[in-house]
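Letter by letter, the chains look like this.
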Amino acid sequence: MNITSHIQDLLYRYECVVLPGFGAFLSQKQSAYIDNDSNEFYPPKKLISFNRQLIKNDGLLANYIAEVEGVKYNSANNMIQEFVYDLENSLQSESKAELANIGKFYLDSEDKLQFEPFTQINFLTQSFGLDSFKTSAVQREVYKQQAEELEEKFPLLFTPEKRRSSILKYAAIGLIAIGVSSFAGLNIYSSQVSKHNIAEQQEAESKLQQQIQQATFVIDNPLPAVTFEVEKQSGNYHIVAGAFRIEENAQKKVDELRAEGYKARLIGANKYGLHQVVYSSHQTRREAINKLYEVKKSNEGAWLLVQEL
């Protein structure tokens with residue numbers, strides 16, 4: 001089963017398709033436009049981008065896979081998790097991964113995930129069958145020459161260049177007259193504004209000094225500083241050790257893992273009523289993947305959960 005093809009199908013219909021635990025593909029409509037350099041016309045299309053922060057499962061992709069493939073919703077979610085796991089392995093080993101007809105992922109020099117969309121497919125259904133085309137520029141020099149010849153015989157101006165130059169000539173004369181008459185009045189007004197600003201600034205500084213003197217006080221015996229050391233795990237990436245129907249058994253598992261040196265804890269029950277025990281929680285996916293490889297040496301059943309607590 002090709003998860004990529006299902007993501008493509010949904011991009012034709014929706015503006016946001018979430019790949020749970022990895023990120024979301026976003027589409028934005030771009031209007032038709034003309035490339036002035038090549039005189040090429042381009043139809044409207046959807047621009048595809050990627051958001052690493054949108055990782056929560058909204059059920060769209062899983063429900064679509066369950067419907068098309070004829071499988072249960074939980075099975076569809078498991079297929080998506082395996083697909084995401086393969087993507088992460090590809091990025092971990094080769095620093096790149098590719099989704100056919102959608103785009104490619106790669107890690108930059110700072111080990112940050114980047115996405116580069118492919119442009120060969122237009123996901124805008126209204127533009128189906130439309131392609132770019134090129135045309136030659138319209139030649140206007142012949143008609144312009146004929147209009148200039150007519151202007152020599154008649155007083156009416158046809159060409160826009162001559163009309164603009166004539167209008168601008170008279171407008172410039174008017175602006176010079178207005179500028180000369182207003183210059184003297186502007187100097188008087190500027191002098192009055194400067195005197196007013198200086199007086200207001202002096203008054204404000206005087207009031208500020210009075211307030212500082214009234215608010216000044218001294219503490220002879222300052223209280224000692226108190227320092228708290230609190231260790232709290234945070235992050236949305238959790239390495240799950242197991243899920244238990246009985247909470248008491250889950251707590252026993254936590255105690256066992258803590259005795260082995262892990263920062264194990266309970267993160268509550270999932271939607272199936274199972275109490276989840278995690279080895280640890282992490283801020284970034286990379287830290288979580290590295291920890292998962294470590295714990296799988298002793299527990300093959302460990303897996304990565306992406307969930308905001």
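Described below are features of the structure shown in this document. As the structure is a prediction and not an experimental result, all values here were calculated from the model.

1. Here's the deal with the layout of surface pockets
- Taken as a whole, the largest pocket spans an internal volume of roughly 1700 Å³.
- Every residue lining the largest pocket is counted, 50 residues in all, and those nearest its centre are P20, G21, L305, V306 and Q307.
- Elements with a minimum of two residues in the lining of the largest pocket: α3 (73-94), β8 (113-117), β10 (237-244), α7 (285-295) and β13 (303-306).
- With twelve residues, the single largest contributor to the lining of the largest pocket is α3.
- Of the residues belonging to the lining of the largest pocket, the class tally is 24 nonpolar, 15 polar and eleven charged.

2. Brief notes about the nonpolar core
- One finds I7, L11, L19, F22, F25, L61 and F105 to be the most contacted residues of the largest nonpolar core, which totals 28 residues.
- Look past the residues within four positions of F22 in its chain and what remains in contact with it is F50, R52, I55, V84, L87, E88, L91, F105, L113 and R285.
- Ranked by size, the runner-up nonpolar core spans 17 residues in total, among them I55, Y237, Y279 and V295.

3. Re the pattern of salt bridges
- With the rule as written, the count across this model stands at five salt bridges.
- Across the salt bridge formed by E88 and R285, the nearest N and O atoms sit 2.8 Å from each other. You can see E88 sitting in helix α3 and its partner R285 sitting in helix α7, a full 197 residues away along the chain.
- For E88, a relative accessible area of 8% puts it in the buried group.
- We classify R285 as buried; its relative accessible area is 5%.
- Between K291 and E294 there is a salt bridge; the shortest N-O distance is 3.5 Å. Residue K291 and its partner E294 are both found in helix α7; the two are separated by three residues, about one turn of the helix.
- Overlapping salt bridges bring together R52, E88 and R285 as one network.

Rules of the game
Residues numbered from 1 in each chain as written. Predicted model: local features only at pLDDT ≥ 70, side-chain atom pairs only at ≥ 80, totals over all residues. Heavy atoms only, no water. 1 Å grid on protein atoms, 1.4 Å probe; cavity = no way out; pocket = protein on both sides within 12 Å on 5 of 7 lines; lining within 4 Å. Points joined across faces, edges and corners; volume = space filled by probe spheres on them. Helix = DSSP H or I, 4+ residues; strand = E, 2+ residues; numbered from the N terminus. Nonpolar A, V, L, I, M, F, W, Y, C, P; charged D, E, K, R; others polar. Core = buried A, V, L, I, M, F, W, Y, C linked by side-chain atoms within 4.5 Å. Buried < 20%, exposed > 50% of the residue type's maximum accessible area, 1.4 Å probe, protein only. Contact = heavy atoms within 4.5 Å. Salt bridge = Lys/Arg side-chain N within 4 Å of Asp/Glu carboxyl O.

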